[in-house]
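# Observations on the model geometry
The residues making up each chain are set out below.
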Amino acid sequence: ARGFRPTRPERPFQRGTQEPMSDEVVTQALNVNGESRTVAFPVHHTLLEVLREELGLTGTKHGCELGECGTCTVLVDGQPVLSCLALAAEMGGRAIETVEGLQQGNELHPLQSAFADLGAAQCGYCTPGILMTAKALLAENPAPVRDQIRAALAGNLCRCTGYIKILEAVEGAAAQLRGETWTPERDSLYGTKEPQPAPVRP
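This section reports on the structure supplied with the text. Counting of residues starts from 1 at the beginning of each chain's written sequence and follows it residue by residue. Totals for whole chains, interfaces and linings use all residues, but because this is a predicted model, local features are given only for residues with pLDDT of at least 70 and pairs of side-chain atoms are given and counted only at 80 or more. Water and hydrogen atoms play no part in the side-chain values, which are based on all heavy atoms of the structure.

Considering soluble globular proteins, one finds that nonpolar side chains tend to be buried as a cluster. Leu-111, Phe-115, Leu-153, Ile-166 and Val-170 are the most contacted members of the largest nonpolar core, which has 25 residues in total. Strands here mean DSSP runs of E at least two residues long; helices mean DSSP runs of H or I at least four residues long; both are numbered from the N terminus. Contributing elements (two or more residues each) for this core: α2 (110–118), α3 (127–140), α4 (146–152) and α5 (164–177). Sort the elements by how many residues they give to this core and α3 lands first, with seven residues. Once residues lying within four places of it in the same chain are set aside, the contact partners of Val-170 are Leu-111, Phe-115, Ala-134, Leu-138, Ile-149 and Leu-153. As used here, the term nonpolar core means buried Ala, Val, Leu, Ile, Met, Phe, Trp, Tyr and Cys residues forming a set that is joined through side-chain atoms within 4.5 Å. Using a 1.4 Å probe on the protein chains alone, a residue whose accessible area is under 20% of its type maximum counts as buried, one over 50% counts as exposed, and one in between counts as partly exposed. Residues Val-26, Val-39, Val-74 and Ala-88 belong to the second largest nonpolar core, which totals 17 residues. In this description, contact between two residues means that some pair of their heavy atoms is separated by no more than 4.5 Å.

Dropping the structure here:
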């Protein structure tokens, strides 16, 4: 599962330096969500900037922009990549997939359905990066165990949840993709299917 953590490309420029960035603008065809999109952008712009600002694909979120939170994760040739650290100019000829590419027509991807059904997203800001990382994991490992899911998502941070629902949603989506029925191990009230004692009133 270690290989599914988003990669950390070399930074396109050094923050805090006084060196001016190049004003050169490049025009390049990018393969995004199965479509060829010709776009012009400054040569120093990251993939995150081009996806959001030039192509209008705002599902990929700005996070720390330091490669620490995983919020901006997209798939490049099927592998998770931190788009805040990847140069768009280096993406020619590569297959880029964003969260907008998960849904097929009116049909949600099983990961999207599972996250919605289980309440695995609260504010939802981190969810696109988690969905893309999970998709890469399930493409390689259709039946991951809990520890493998946890390891794969270790680079994706979430401030809202306790992560358990996220892990369960990935398990549920994996089962759906395998054509199996699945029931979460916890209930919505106590977080477990084990009987709980009644609360003691003062």
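After that view of the structure, there is still more to cover.
The subject of this paragraph is α5. In an α-helix there are 3.6 residues to a turn, and that puts residues three or four apart on one side. In a regular helix each residue adds 1.5 Å, so 14 residues correspond to 20 Å; α5 covers 20 Å between its end C-alpha atoms and thus fits that length. Summarising burial for α5: 10 of the 14 residues are buried, a large majority. Among all positions in α5, only Ile-166, Leu-167, Glu-168, Ala-169, Val-170, Glu-171, Gly-172, Ala-173, Ala-174 and Ala-175 are buried. At its buried positions, α5 is contacted by α2, α3 and α4. Between the first and last residue of a helix there are one fewer steps than residues, each counted as 1.5 Å, and that sum is the expected span.

A separate point is the packing of α3 against α5. Helix packing geometry: the angle between the two helix axes and the distance between the axes. Here the axes come from fitting lines to C-alpha atoms, over the contacting stretch only for helices, and the angles between their N-to-C directions go from 0 to 180 degrees. The N-to-C vectors of α3 and α5 enclose an angle of 45°; their axes lie 11 Å apart at closest approach. Relative to α5, the element α3 lies oblique. Considering the relative orientation of α3 and α5, their crossing is right-handed. Contacts between α3 and α5 involve Ile-130, Ala-134 and Leu-138 on the former and, on the latter, Ile-166, Val-170, Ala-173, Ala-174 and Leu-177. Any angle between 65 and 115 degrees counts as roughly perpendicular, while under 35 counts as roughly parallel, over 145 as roughly antiparallel, and the rest as oblique. Less than a right angle of anticlockwise turn of the near helix away from the far helix marks a crossing as left-handed, whereas a clockwise turn marks it as right-handed.

Here, the term disulfide refers to a pair of cysteine sulfur atoms separated by no more than 2.5 Å. In the structure shown here, the tally under the stated rule is zero disulfides. With no disulfide of its own, Cys-84 has Cys-72 as its nearest cysteine by sulfur position, at a separation of 3.7 Å. Residue classification places Cys-84 among the buried positions, given a relative accessible area of 5%. Sulfur of Cys-158: no disulfide; nearest cysteine sulfur belongs to Cys-126 and is 3.7 Å away.

Another aspect to go through is unusual backbone geometry. Although it is not a glycine, Asn-33 adopts a positive phi angle of roughly 55°. In this structure Asn-33 comes out as partly exposed when scored by relative accessible area, which is 26%. Despite not being glycine, Asp-77 shows a phi value in the positive range, around 55°. Summarising the element assignment, Asp-77 is placed in the loop between β3 (73–76) and β4 (79–82).

Each pair of strands is called paired provided DSSP finds at least two bridges between the two strands. Here five strands make up an open sheet; going across it, the order is β2-β1-β5-β3-β4 and the pairing mixed. This sheet does not close on itself; its edge strands, each paired only once, are β2 (35–42) and β4. Sheet twist, expressed as the mean angle between neighbouring strand axes with direction ignored, is 45°. With two bridges joining them, strand β1 (residues 25–32) and strand β5 (residues 95–97) adopt parallel strand pairing. Pairing of Val-32 across the sheet is with Ile-96, part of β5. Taken strand by strand, helix α1 (residues 47–54) contacts β1, β2, β3 and β5, and its axis lies near 105° from that of β2.

Once that is clear, we can look at the pattern of salt bridges. When a carboxyl oxygen of Asp or Glu lies within 4 Å of a side-chain nitrogen of Lys or Arg, that pair is called a salt bridge. Evaluated as defined, the whole model comprises five salt bridges. Across the salt bridge formed by Glu-171 and Arg-146, the nearest N and O atoms sit 2.7 Å from each other. Here Glu-171, found in helix α5, pairs with Arg-146, found in helix α4; they are 25 residues apart in sequence, far enough to count as distant. Here Glu-171 and Arg-146 have matching classes, each one buried. We note a salt bridge from Asp-147 to Arg-150, for which the minimum N-O separation is 2.7 Å. Placement of both Asp-147 and Arg-150 in helix α4 is noted, with a separation of three residues, approximately one turn of the helix.

Nothing here speaks to function; it is all geometry.
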